[in-house]
Amino acid sequence: MDQTTLVARLEAVVGPTGVFHRPADLLVYEYDGSVDGAVDTARPAAVVLPTSAEQVAAVVRIANEAELPVVARGAGTGLSGGAVAQRGGIIVSLSRMDRILDVDRDDRTALVEPGVINLELSEHTLPGGHFFAPDPSSQKACTIGGNVAENAGGPHCLKYGVTTNHVLGLEVVLPDGRIVWLGGRAAHTPGYDLTAALVGSEGMLGIVTKALVRLTPAPEATLVLLAAFGDIDGASQAVSSVIAAGVLPAALEMMDALTIQAVEPAYHAGYPLDAGAVLLIELDGATDEVRETGEEVAALCAAAGATAVRAATAKAERDLLWKGRKMALAAMGRLAPNYYLHDTVVPRSKLPITLRRVGEVAREFDIPIANVFHAGDGNLHPLMLFDRRERGAVERVLAASNELLHFCVSPEIGGALSGEHGIGTEKRDHITLVYTADDLAAMAGVKNAFDPRLTFNPEKLFPKGYMCGEVRALRAQALAQKHGIYAF
Amino acid sequence: MAVAVEADLVQIGGLRGYGGDDQPDPDLLRACVHCGMCLPSCPTYRLTGQEMSSPRGRLWMMKAVGDGRLDLLDPAFDEQMYQCLNCRACEAVCPSGVHYGPLVEAARQQLETHRPRPLPQRVARRVGIAWLFRDARRMRAAVAALRFYQRSGLAAVVRRAGIPRRLGLADLEAMMPPVSRRALVPGEERWVPAHPERSVALFNTCMMGTVFADTNRAAARVLAHNGSAVDVPVGQQCCGALAVHAGMMDEARDLARTNIDAFEASGDDHVVVTAAGCGAALKEYGHLLKDDPAYAGRAERFSARVRDVSEELGAVGGGLVPPTRPVRRRVTYQEPCHLAHAQRITIQPRMLLAAIPGLELVEMRESSLCCGSAGIYNLIRRAMADELGDRKAGNALATGAETVVTANPGCAMQLRTSIRRAGGGADVRHVVDLLDEAYGGEAAGRAGSWACDRARTKSDAVPAAAD
Ligand SMILES: Cc1cc2nc3c(=O)[nH]c(=O)nc-3n(C[C@H](O)[C@H](O)[C@H](O)COP(=O)(O)OP(=O)(O)OC[C@H]3O[C@@H](n4cnc5c(N)ncnc54)[C@H](O)[C@@H]3O)c2cc1C
Ligand code: SF4
Ligand code: SF4
């Protein structure tokens, strides 16, 4: 199908204001939130902004006829290149499907379109006493569709669980253009849990067009403690003792000195500039219980060597403390023009040794590394700061990052590659560090069941060349069947 | 790759890039890490959901032109640089501190220098932006004519004949609120409290000194009530904001120099501004004149003296003199972009309103989303401005407010039109209008809390207002 026909066909579905194809317009769809250098930019052939599931399905069918890949896009805040059209094709941007369709207080559920912004769902439901628990730091901008596709986490997932724990059902457009409902309101649905398969599938199995999500009742009381330490070791020690004492904070986050330097001048959140590290610990629940646990946690921090502990209960004060933390990543532009970050998860008991290794790597490779992360579940985000115009900087960063990745996933540490940002193109070549060939083949089997023609978000997750090699046989078989191999 | 310099325009590989002065600063551009956190705050992105209409998309395009990947004169680039409202909401929320305003202004300056414009547009810009605003007397005369038009019955006749519509001026005509009876002429009026604690210089501004002259007087009274002697220095002109937004930097710099000269006589006194858009522009003179050796330092010092009226009143020593007359009204507050985003002033206006007895402040949804006014945007980008205006009117009216309070003339006019179009009856006032009412207005002067001195120099006088 030539470009003119393609555009005309797409316009017939979504109208002329819903299709972009001029080179200058496509230019701004060549990136997402991921880091310069780590993910290549790539331009799609066209961008479509549908307003209904039926339109999405029609666009997918046109793409199939034209034999073009289809890449879903939410707000484009992803950090692993997920929304970049690596092999061109059609980007389906869900930003115009942004309605909250229904809030059911009795069932504690909300039915939303995929383009709804994470924070706006919570703001919408909070006056009635509910919120949407997964709270990625990007929640002000990222979409529910993107959260589902990346199985996003956030500070409060320590207590409340990640996105997959909050998705009850999904309306999905499959790669052949059919619209199906997976899961639903009932607590248990018989058969395969295909909702769970879609969560975290990085736009490779289907395009979410509606999501039925769980709402969480807002706690009676909330307390945020800010504990300052002379060094990272002390802070890690405090994390271990809080967890060992059986306390389950709503969130437990760590920031090191370099991060504080980026954030404090911007937000005046009140992080002490002379601290080696700070912990943000949020406790929530019944008022008395929160007060008692707060005292206990403050004592544990002091015992671990905290130089100061501050408590905030008023909402404005708590919000300010969190604002600094949530904006930390995006504030790195104040320290250096480029950053590269990891998303590895290590067992909590290995935090101190891992952080020490991060410090060594920073010195060995001469790269400033800022640490800001979900300490409570051991999800690290070491941020390497650099200026890509400086000769050799990119190479040094990549070498250092390789070193760190290998360390985290080594048998000694036993960590995982990605906590919440997904694999995308960015970490696809590292996936073999954590999965065996059989693990990968099982995953490829799922991919193949949903998308035998491999048109949805190609060049993601699986290592370079993998899908065309290993799955070629299956693909041939599927092509022969022409209309897919779905059995449901 | 061939690099040729032709007519001041750098060409790389056949694409035209930036050339000459006022290029978007590559270091400022590089601060953007394309995280996307600014997207939901951007009004044009909110309405369209499209990446090119987002701050991140526009910054990416600016960078692409600099890198020789996009032609400066590509229509898509032009479209986006001008679809932007320059409301600076993105700047206020950007975690990396990207200084968006100066970047889009430089990009527009590049377009203005290098792009051929059709003749009628060129004439309109020269007359509308450069000529009319160059001299405050012209503006006062134009507004006096407008008042005559509104009140003489001529307006009704002309409207019935459909003339404004035929001339394409219907929007402008509908937006105009009733014009104040007398323009405020620099040097002619002065407000002195019984025991002055400080003196301040009032910036008159094109709209506030004419259409809204009574609001500027209200501001002066409120300042005097709080211990400031208020002068309106002669020789001051338009702040130049419209020129800056339209990419006419040289015109803007001319005006800036004139204003700096005019205000230097008043020493270190704060320069108090009642129009958020002008205040933001005045605070950026330092940046505007940074390459002018004769003025760079003076511009910095001038900018440091500038205060929005709510900022000035929020910081008076010993606290605000408590207003005593109840203003029994439910109001909602619309944040002018150039106050909330460009100057980051959000708390003071609300504090001032909260100080008024009897007044009930109800917050509206999206109070900091642009109302669509944005300088002359509502005249040149009608559809998008209307959509934003409707959204704003809906949010404002949903609070049940009888009065919508704002702090910028452009917003006031846009709100007025939008509320009318939505069939609402709420009126639109400036923060100081209500505060003045709570202090007793002009009557308080007669009671002796301050004195207004009208026998001033006539050096800057206008032809008498037509009535
Ligand atoms: C400053 C910053 C902080 C961040 N902090 C966190 C954090 O704390 N925790 C965390 O988990 N992530 C974080 N992220 C990463 C990112 O915000 C999340 O992955 C988020 O879920 C992406 O949502 P999005 O709408 O931007 O999706 P996009 O970036 O547009 O897309 C991401 C992936 O989802 C797919 N996708 C999007 N919409 C759909 C749909 N409707 N159906 C199917 N597939 C779809 C895309 O194809 C792509 O593969 C952060 C990012 C930034 C920039
Ligand atoms: S302007 Fe700021 S908030 Fe917007 S994408 Fe760039 S860095 Fe992020
Ligand atoms: S100035 Fe306003 S309209 Fe322009 S990009 Fe920023 S937020 Fe959007």
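Provided above is the structure to which this section pertains.
Each value, and the rule that gives it
- Residues numbered from 1 in each chain as written.
- Chains lettered and ligands numbered in written order.
- Predicted model: local features only at pLDDT ≥ 70, side-chain atom pairs only at ≥ 80, totals over all residues.
- Heavy atoms only, no water.
- Helix = DSSP H or I, 4+ residues; strand = E, 2+ residues; numbered from the N terminus.
- Buried < 20%, exposed > 50% of the residue type's maximum accessible area, 1.4 Å probe, protein only.
- Areas by Shrake-Rupley, 256 points an atom, 1.4 Å probe, with all protein chains shown as cover.
- Axes fitted to C-alpha atoms, helices over the stretch in contact; angles between N-to-C directions.
- Parallel < 35°, antiparallel > 145°, perpendicular 65-115°, else oblique.
- Left-handed = near helix turned anticlockwise from the far one by under 90°.
- Contact = heavy atoms within 4.5 Å.
- Nonpolar A, V, L, I, M, F, W, Y, C, P; charged D, E, K, R; others polar.
- Pairing = 2+ DSSP bridges.
- Near = heavy atom within 4 Å.
- Polar contact = N/O pair within 3.5 Å; in protein donor to acceptor, adjacent residues only side chain to side chain.
- Domains from an automatic or database assignment.
- Salt bridge = Lys/Arg side-chain N within 4 Å of Asp/Glu carboxyl O.
- Expected span 1.5 Å × (residues − 1).
- Arc of directions from axis to C-beta.
- Phe/Tyr/Trp six-rings, centres within 6.5 Å; stacked < 30°, edge-to-face > 60°.
- Disulfide = S-S within 2.5 Å.

A. Broad picture of the overall build of chain B. Assigned secondary structure in chain B consists of 25 helices and 13 strands. Going through the 467 residues of chain B one by one, you find that 58% of them count as buried. Accessible surface, chain B: about 18300 Å² in total, of which carbon and sulfur atoms supply 55%.

B. Structural context of the packing of helix α1 (residues 3–14) of chain A against helix α3 (residues 53–66) of chain A. Residues and elements named next belong to chain A. Two elements in contact, α1 and α3, have axes whose closest approach is 9 Å; the angle formed by their N-to-C orientations is 165 degrees. Taken together, the axis directions place α1 and α3 in an arrangement best described as roughly antiparallel. In the packing of α1 onto α3, the handedness of the crossing is right-handed. Between α1 and α3, the residues in contact are Leu 6, Arg 9, Leu 10, Val 13 and Val 14 and Gln 55, Ala 58, Val 59, Ile 62, Glu 65 and Ala 66, respectively. Classifying every residue of the contact of α1 with α3 gives eight nonpolar, one polar and two charged.

C. A look at the sheet that holds strand β11 (residues 403–406) of chain B. All names here are of chain B. Within the open sheet, the four strands sit side by side as β10-β9-β11-β12. Their pairing is parallel. Two strands lie at the open edges of the sheet, namely β10 (359–361) and β12 (427–430), each paired on one side alone. Between one strand and the next, the sheet's axes are offset by a mean angle of 35 degrees, whatever the strand orientation. Summarising the sheet, β11 and β12 pair through four bridges and their orientation is parallel. Its bridge partner lying in β12, Thr 403 is registered against Asp 427. Of the strands in this sheet, β9 (329–333), β10, β11 and β12 are in contact with helix α24 (residues 431–439), which crosses β12 at around 80 degrees.

D. Representation of the site of ligand 2 within the structure. Inspection of the region around ligand 2 gives Cys32(B), Val33(B), His34(B), Cys35(B), Gly36(B), Cys38(B), Arg56(B), Leu59(B), Cys94(B), Pro95(B) and Val98(B) as its neighbouring residues. The residue makeup of the shell around ligand 2, split by class, is eight nonpolar, two polar and one charged.

E. Structural view of the site of ligand 1. Inspection of the region around ligand 1 gives 36 residues, with Ala72(A), Gly74(A), Thr77(A), Ser138(A) and Thr143(A) positioned closest. Taken together, the residues near ligand 1 originate from chains A and B. Residue Ala75(A) places a main-chain N or O atom 2.9 Å away from an oxygen atom belonging to ligand 1. At a separation of 3.3 Å, an oxygen atom of ligand 1 approaches a polar backbone atom of Gly82(A). Taking 980 Å² as the accessible area of ligand 1 by itself, protein coverage stands at 99%. Breaking the shell around ligand 1 down by element, the ones donating at least two residues are β3 (70–73), α5 (144–150) and β10 (207–214) of chain A. For the shell around ligand 1, the element with the most residues is α5(A), which contributes five residues. Within the shell around ligand 1, the residues separate by chemical class into 15 nonpolar, 17 polar and four charged. Taken domain by domain, the shell around ligand 1 gets at least three of its residues from each of domain 1 (3–93) and domain 2 (100–217) of chain A.

F. Geometry of the interface of chain A and chain B. With 38 residues of chain A at the contact, the number on the chain B side is 33 residues. At the junction of chain A and chain B, the tally comes to five salt bridges. For the interface between chain A and chain B, the tally reads 16 residue pairs in polar contact (both at pLDDT 80 or more). For the side of chain A that touches chain B, the leading source of residues is helix α2 (residues 23–27) of chain A, giving three residues. For the side of chain A that touches chain B, the per-class residue count stands at 17 nonpolar, nine polar and twelve charged.

G. Spatial organisation of helix α10 (residues 287–303) of chain A. Residue and element names in this part refer to chain A. In this model, α10 (17 residues) spans 25 Å end to end at C-alpha, consistent with the 24 Å of a helix rising 1.5 Å per residue. Of all the positions in α10, only Val 290, Thr 293, Gly 294, Val 297 and Cys 301 are classed as buried. Taken down its axis, α10 places every buried residue within 115 degrees of arc, on the same side. With respect to the buried face of α10, the exposed residues turned more than 90 degrees away are Glu 292, Glu 295 and Ala 303. On its buried side, α10 packs onto β12 (221–229), α8 (232–244), β14 (277–285) and β15 (308–312). Of the residues trailing α10, Gly 305 is marked for its positive phi of about 105 degrees.

H. Broad picture of the packing of aromatic side chains. Residue and element names in this part refer to chain A. Throughout the structure, instances matching the rule amount to five aromatic pairs over all chains. Aromatic side chains Phe 131 and Tyr 160 sit 5.8 Å apart centroid to centroid with 90 degrees between the ring planes, which places their arrangement in the edge-to-face category. Residue Phe 131 is found in strand β7 (residues 130–131), and its partner Tyr 160 is found in helix α6 (residues 157–160); the two are separated by 29 residues along the sequence. Residue classification places Phe 131 among the buried residues on the basis of a relative accessible area of 16%. What makes Tyr 160 buried here is its relative accessible area of 18%.

I. Here's a closer look at the state of the cysteines. Residue and element names in this part refer to chain A. This structure, assessed with the given rule, holds zero disulfides over all chains. Left unpaired, Cys 157 is separated from the closest cysteine sulfur, that of Cys 142, by 11 Å. Of the residues examined, Cys 157 reaches a relative accessible area of 8% and is grouped as buried.

J. Geometry of the pattern of salt bridges. All told, the structure shown has 57 salt bridges over all chains when counted by the stated rule. A salt bridge links Arg357(A) to Glu360(A), with the shortest nitrogen-to-oxygen separation between them at 2.7 Å. Note that Arg357(A) and Glu360(A) are positioned in helix α12 (residues 351–365) at a spacing of three residues, about one turn of the helix. Its relative accessible area of 13% is what places Arg357(A) among the buried residues. Residues Arg88(B) and Glu91(B) are paired through a salt bridge, measuring 2.7 Å at the closest nitrogen-oxygen approach. Its relative accessible area of 2% is what places Arg88(B) among the buried residues. When salt bridges with common partners are traced through the structure, they connect Asp102(A), Asp104(A), Asp107(A) and Arg185(A) into a single cluster.

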